[in-house]
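Report on the structure
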Amino acid sequence: MSASIIGLGAEYLDKKPYETVESVIHASLDGGINIIDLFMPGDIVREQIGRALKGRRDKVLIQGHICATDIKQQYDISRDRPTIQKYFENLLFRLNTDYIDFGMLFFIDSEKNFDDVFNGDALPYALELKEKGQVRALGASSHNPVIAKKIVETGLIDILMFSINPAFDMVSANDYIFDNEADLMKGKYEKNLDPFRQEFYRLCEQKDVALTVMKTLGAAKLLSTEFSPFSRPLSVVQCIHYALTRPAVVSALLGCSEVKHVEEALSYLSATAEEKDYSDIVSDFQGSMKGSCVYCSHCQPCPVEIDIAQVMKNLDIARLDEGNIPTGVHKAYGDLKNRGSACTACGSCEKRCPFSVPIIENMKAAATLFGS
């Protein structure tokens, strides 16, 4: 399964008239978006999305969530087998399909959530769905990097939906973003990227677990002068690029309630390198980031055309376990047109790097580790 790098989060289509749902979904598909996240449990929104996808179901990958219900109130959660089975079967019925591409174990943010899912009814039911072909791959969603790491380490999931943006990546892994989001958006956190989160993304790529991104725009707060914790707002393109440059990320999902939001997201595909560049904003928050590559490509162009960010990304992942480099990482490095061994040590990259990364040293390390 191959997902488009831009995806559609369907949350903002809830309670919209069918004409809006249809126009947003058709604009997405026509623009090349082929992955949609659908966690909402309501009959109407599911039915409208199914109607809009009629005749095009085979053109889209659907993330459908297991355990999302509306028993007590909208967006409630259940881990009870009869209940989650009822809502999953309802999802198939309302979408008029007999399978979901990614069966996502919904909202695992705490130790209790993890225990309820992996030691309760939800996991066995999800595995049954996969065995029957009613879900093609098994996934989960989480906003907590500590719990997300634990999920990945079970070895049971293929895909994880996780909240990623430069502001959230400043939050310590020991803090829960939704408990502190107001403070975060006022810039009250340490001004550096949390190393645990960065290593978690590398672990996902090492374990061959794909990441799809929610909260790409921080509920649009990162686009706002008033709410952004940075010295100035980021653009939609910069937020998308930040997410896509994290290891293991395959698609940045954006919530769109109008066609113009879809068009803004798709503008990323034609954006220039300068428009994508987020380094001047993130560099204000260096702290412990000094010497660490954030894959921003501000070091480019390289005179010998090395894709420095990609070499660095593969090197960082390989360093997690130098005795056992994953086949996929070795192949990704080998597929690069020019690799670490091509470095001439001219130093032009290091002069431009805003994070003082010892790039020449790392090119040599990559050549040694990967053998080329």
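A brief look at the structure comes next. (Residues numbered from 1 in each chain as written. Predicted model: local features only at pLDDT ≥ 70, side-chain atom pairs only at ≥ 80, totals over all residues. Heavy atoms only, no water.)

Some remarks on the nonpolar core
A general feature of soluble globular proteins is that nonpolar side chains tend to end up buried together. Let me state the cut-off plainly: Buried residues of nine kinds, namely Ala, Val, Leu, Ile, Met, Phe, Trp, Tyr and Cys, make up a nonpolar core once their side-chain atoms join them within 4.5 Å. For every residue, the accessible area obtained with a 1.4 Å probe (protein chains only) is divided by the maximum for its type, and the residue is called buried under 20%, exposed over 50%, and partly exposed between those limits. Starting at the N terminus, helices and strands are each numbered in turn, a helix being any DSSP run of H or I of at least four residues and a strand any DSSP run of E of at least two. Residue contacts are defined here by distance: any two heavy atoms, one from each residue, within 4.5 Å place the two residues in contact.
Ranked by size, the top nonpolar core spans 85 residues in total, and within it Ile49, Leu105 and Leu160 carry the most contacts. Ranked by residue count, the leading element in this core is helix 9 (residues 236-244), at 7 residues. If we ignore the near neighbours within four places in the chain, the residues touching Leu160 are Met104, Ala140, Ser141, Ser142, Ala148, Val152, Phe200, Val209, Ala210, Leu211 and Thr212. In this structure, Ile306, Leu315, Cys353 and Met363 belong to the second largest nonpolar core, which totals 23 residues.

Some words on the sheet that holds strand 9 (residues 210-214)
The criterion, for reference: Paired strands are those between which DSSP finds at least two bridges. Under this scheme, a helix contributes an axis fitted over its contacting stretch, all axes are lines through C-alpha atoms, and angles between N-to-C directions fall in the 0 to 180 degree range.
With parallel pairing, 8 strands are arranged side by side around a closed barrel as 1-2-3-6-7-8-9-10. Taken over all neighbouring pairs, the strand axes of this sheet differ in orientation by 30 degrees on average, direction set aside. Direction of pairing for strand 3 (residues 61-66) relative to strand 6 (residues 100-105): parallel, over a ladder of 4 bridges. From the neighbouring strand, Gly64 faces strand 6, where its bridge partner is Gly103. The sheet contacts of helix 3 (residues 81-95) involve strand 2 (35-38), strand 3, strand 6 and strand 7 (135-142), and relative to strand 3 the element is tilted by about 155 degrees. Each of strand 1 (6-9), strand 9 and strand 10 (249-255) is contacted by helix 9, which is oriented at about 150 degrees to strand 10, the strand it contacts most.

Looking at the packing of helix 1 (residues 18-30) against helix 10 (residues 259-266)
Which entries qualify depends on this criterion: For classification purposes, angles smaller than 35 degrees are called roughly parallel, those larger than 145 roughly antiparallel, those between 65 and 115 roughly perpendicular, and all remaining angles oblique. Should the near helix be turned anticlockwise from the far one by less than a right angle, the crossing is left-handed, and should it be turned clockwise, the crossing is right-handed. In this classification, the charged set is Asp, Glu, Lys and Arg, the nonpolar set is Ala, Val, Leu, Ile, Met, Phe, Trp, Tyr, Cys and Pro, and all remaining amino acids, among them Gly, are polar.
In contact at an axis separation of 8 Å, helix 1 and helix 10 are set at 20 degrees when each is read in the N-to-C sense. Compared by their axis directions, helix 1 and helix 10 come out roughly parallel. Every pair of crossing elements has a handedness; the one defined by helix 1 and helix 10 is right-handed. For the pair helix 1 and helix 10, the contacting residues are Ser23, Val24, Ala27 and Ser28 in the first and Val259, Val262 and Leu266 in the second. Looking at the contact of helix 1 with helix 10, its residues break down into 5 nonpolar, 2 polar and no charged.

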